[in-house]
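Residue-level listing of the chains:
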Amino acid sequence: MIIQLKKKFLILATITLIIVVFIRLTSGEPTRVQVKVDGLSCPFCAYNLEKKLKRVGGVEDLKLRIDTGLAEIKIEEGKSIDIDGIKKAVKDGGFTPRDIVVTIKGKIEQVDSRMILRIDNIADSFILKDNKMLKDIITSEQAQGGIVTVTGLVQEEKIKGHGLHPHVLEIRDFKFE
Amino acid sequence: MNKILFAATFIGTLLFLGCSEYQKKKEPKKEWKFIKELQLQDISPIGIVAQNNFLWLSDVDNNRVVKINIEGKMIEEYSGFERPMHIALNNGALYIPEYTSDTIQILKNGNTSAFKLKDQPDSIGGIAFDSSTIAVADFNNHRIILQQGESAVTFGKEGHGEGELYYPTDVAFFAGKIYVADAYNNRIQVFDKQGNSLQIIGDKDGINVATGLEVANNQLFVTDFEGNRVLVYDLEGNLLQTLSKNLHKPTDIAIMENIMYAVNYEGQSVAVYQF
């Protein structure tokens, strides 16, 4: 009787552990994009920008912070970030896009001579700009196959023709899973 | 004899003129004066219209319209509108332009229905009625849609010159003319129903985003959003008065007899003035 109960408990504990690990791997911090926009004080302009941004593919939700001039975008799970679409939407809304900062989860890998962040769950990646933060991640033991959440500034330069996301990311902050 | 008569007439005229001037000085100049500010709880108003002794507000941040009494207490609320902007009343129904969906909803006796526009706008800033004619401020297309029955015409195009518009946000009819809040040209432009530009008002008064307007009692009221002011003009375009007390990013005006209600988007309140 006790052995049977122990067995049931073990099975239950194993299932719970699997669920927890699954949730841990598939959820966590969602992909977010912050766009700095000048002149967002008027609600007609702000909601015009909201309207344009919501039509960009992958945009699940968005919050406009009129006081700081920030558009905070939540990207739908499993969808890539359409940086060019976001830039176009901002321009169509009558604004000039300034800094675009993304917070994204993935694995650091080397492809040819470049370091990239391969984004979790989707066939997309960002080329990473060589800086101290990137070196810190690479040299960290946790980076060996580990998942890292990085916050980085999207660079103006684009590198095309390598089958990767053409946008370059400069890491400003990171956190290991 | 003639000399005496002439002198008497001259003195009489002087006395008459003097008395008239005295009378004029004695009469106080009629002006709009601030009375009070109605604080609104969790309402971010953009548009306002007066109906009997109530006020309708479009609560853009919360996607709803609310009805408040003249003390500022909420009586009714209707949710589910996609960024409602400058609202209008027509035949007892409330017309609600949705900025995000580019449609106009009609709210009557608690029921909503869709108003059919014959032309496709891109972000409706405001609407107005003149009996069966509706005017629509088509924000992103920099134009006005004028619809009567089955026919719709448009006028205005993107620009800063006469007859051109730059992000219009509000519109009103008065005495057969169409008054447009030419928001980012920082002025009011008046058109006839054929779309001819008749008059430009306020372009030299330092307006910083003319977000809303109202025309009533032969006066034109303009909200200066960034300037935190309401400017009052006569219909010739002469500036009569500049109001600034308790105005915080105002966006619209409603007039109820000699009372003016100005909505403060940032302040989440309604400033009340009396004439």
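This is a predicted model, so every value here is computed, not measured. (Residues numbered from 1 in each chain as written. Chains lettered and ligands numbered in written order. Predicted model: local features only at pLDDT ≥ 70, side-chain atom pairs only at ≥ 80, totals over all residues. Heavy atoms only, no water.)

Undergrad: Let's hear about the overall build of chain B: which residues, and what values?
TA: When helices and strands are counted, chain B shows one helix and 24 strands. Relative to its full complement of 275 residues, chain B shows a buried share of 52%. (Helix = DSSP H or I, 4+ residues; strand = E, 2+ residues; numbered from the N terminus. Buried < 20%, exposed > 50% of the residue type's maximum accessible area, 1.4 Å probe, protein only.)

Undergrad: Explain the packing of helix α2 (residues 43-54) of chain A against helix α3 (residues 83-92) of chain A to me, and be specific about the residues and the numbers.
TA: Residue and element names in this part refer to chain A. Between α2 and α3, whose axes approach to 8 Å, the crossing angle comes to 150°. Between α2 and α3, the crossing angle belongs to the class labelled roughly antiparallel. Handedness of the α2/α3 crossing: right-handed. Note on element contacts: α3 touches α2 through Ile86, Ala89, Val90 and Asp92, opposite Asn48, Leu49, Lys52 and Leu53. Taken together, the residues of the contact of α2 with α3 break down into five nonpolar, one polar and two charged. (Axes fitted to C-alpha atoms, helices over the stretch in contact; angles between N-to-C directions. Parallel < 35°, antiparallel > 145°, perpendicular 65-115°, else oblique. Left-handed = near helix turned anticlockwise from the far one by under 90°. Contact = heavy atoms within 4.5 Å. Nonpolar A, V, L, I, M, F, W, Y, C, P; charged D, E, K, R; others polar.)

Undergrad: Run through the state of the cysteines, naming residues and quoting values.
TA: All names here are of chain A. Taken as a whole, this structure holds zero disulfides over all chains when the rule is applied. Note on Cys42: no disulfide assigned, nearest cysteine sulfur contributed by Cys45 at a separation of 3.6 Å. Judged by its relative accessible area of 1%, Cys42 falls in the buried class. Judged by relative accessible area, which is 9%, Cys45 ranks as buried. (Disulfide = S-S within 2.5 Å.)

Undergrad: Just give me the short version of α3 of chain A, but keep the residues and values in it.
TA: The set of residues buried in α3 of chain A consists of Ile83, Gly85, Ile86, Lys87, Ala89 and Val90 of chain A. Backbone geometry just downstream of α3 of chain A places Gly94 of chain A in the positive-phi region, at approximately 90°.

Undergrad: Report on α2 of chain A, specifying residues and quantitative values.
TA: Residues and elements named next belong to chain A. Helix length check: α2, at 12 residues, gives a terminal C-alpha distance of 16 Å against a target of 16 Å (1.5 Å per residue), a fit within 8%. Most of α2 is tucked away, with 11 of its 12 residues classed as buried. For α2, the full list of buried residues reads Pro43, Phe44, Cys45, Ala46, Tyr47, Asn48, Leu49, Glu50, Lys51, Lys52 and Leu53. (Expected span 1.5 Å × (residues − 1).)

Undergrad: Break down the nonpolar core for me, with residues and values.
TA: General note: in soluble globular proteins, nonpolar side chains tend to be found buried as a group. Residue and element names in this part refer to chain A. Among the nonpolar cores identified, the biggest contains 52 residues, and Val33, Val35, Leu53, Ile73 and Ile81 are the most heavily contacted of them. When residues in this core are grouped by element, the largest group, six residues, is from α2. Those residues within four positions of Ile73 in sequence are excluded, and the remaining contacts are Thr31, Arg32, Val33, Val35, Leu53, Val59, Asp61, Leu62 and Ile86. (Core = buried A, V, L, I, M, F, W, Y, C linked by side-chain atoms within 4.5 Å.)

Undergrad: Account for the interface of chain A and chain B, with residues named and values stated.
TA: Every contact between the two is made by 13 residues of chain A and, on the other side, 21 residues of chain B. It is Phe44, Tyr47 and Lys51 of chain A that lose the most area in chain A upon contact with chain B, and together they represent 50% of the buried surface on that side. If you look at where chain A meets chain B, you find five salt bridges. Across the pair Asp102 of chain B and Lys51 of chain A runs a salt bridge whose closest N-O atoms are separated by 2.5 Å. Applying the counting rule to chain A against chain B returns 10 residue pairs in polar contact (both at pLDDT 80 or more). For the side of chain A that touches chain B, the residue count by class is six nonpolar, three polar and four charged. (Buried area = accessible area lost by both parts, 1.4 Å probe. Salt bridge = Lys/Arg side-chain N within 4 Å of Asp/Glu carboxyl O. Polar contact = N/O pair within 3.5 Å; in protein donor to acceptor, adjacent residues only side chain to side chain.)

Undergrad: Can you explain the environment of Cys42 of chain A? Please cite residues and give values.
TA: Within the secondary structure, Cys42 of chain A is located in the loop between β1 (32-37) and α2. Sequence-wise, Cys42 of chain A and Gln110 of chain A are 68 residues apart; in three dimensions their C-alpha atoms are separated by 45 Å. If we ignore the near neighbours within four places in the chain, the residues touching Cys42 of chain A are Tyr184 and Phe225 of chain B.

Undergrad: Would you mind going over the sheet that holds strand β16 (residues 187-191) of chain B in detail, with residue names and values included?
TA: Strand pairing in a sheet takes place through backbone hydrogen bonds and is either antiparallel or parallel in direction. Residue and element names in this part refer to chain B. Ordered in space as β14-β15-β16-β17, the four strands form an open sheet in which the pairing is antiparallel. At either margin of the open sheet sits one strand with a lone partner, and together these are β14 (170-174) and β17 (197-201). For this sheet the average axis-to-axis angle between neighbouring strands, irrespective of direction, equals 20°. (Pairing = 2+ DSSP bridges.)

Undergrad: Give me the confidence of the model for chain A: which residues, what numbers.
TA: Chain-level pLDDT for chain A is 82 on average; 82% of the residues reach the 70-or-more range. In the model, residues 17-27 of chain A has pLDDT below 50 throughout and makes nine contacts with residues more than four positions away in sequence or in other chains. (pLDDT = per-residue confidence, 0-100.)

Undergrad: I'd like a rundown of unusual backbone geometry, residues and numbers included.
TA: All names here are of chain B. Phi is positive for Asn91, which is not a glycine, with a value near 50°. As for its placement among the helices and strands, Asn91 is situated in the loop between β6 (88-90) and β7 (93-98). The backbone of Ser123 shows a phi angle near 75°, a positive value even though the residue is not glycine. Under the relative-accessibility criterion, Ser123 is labelled buried at 0%.

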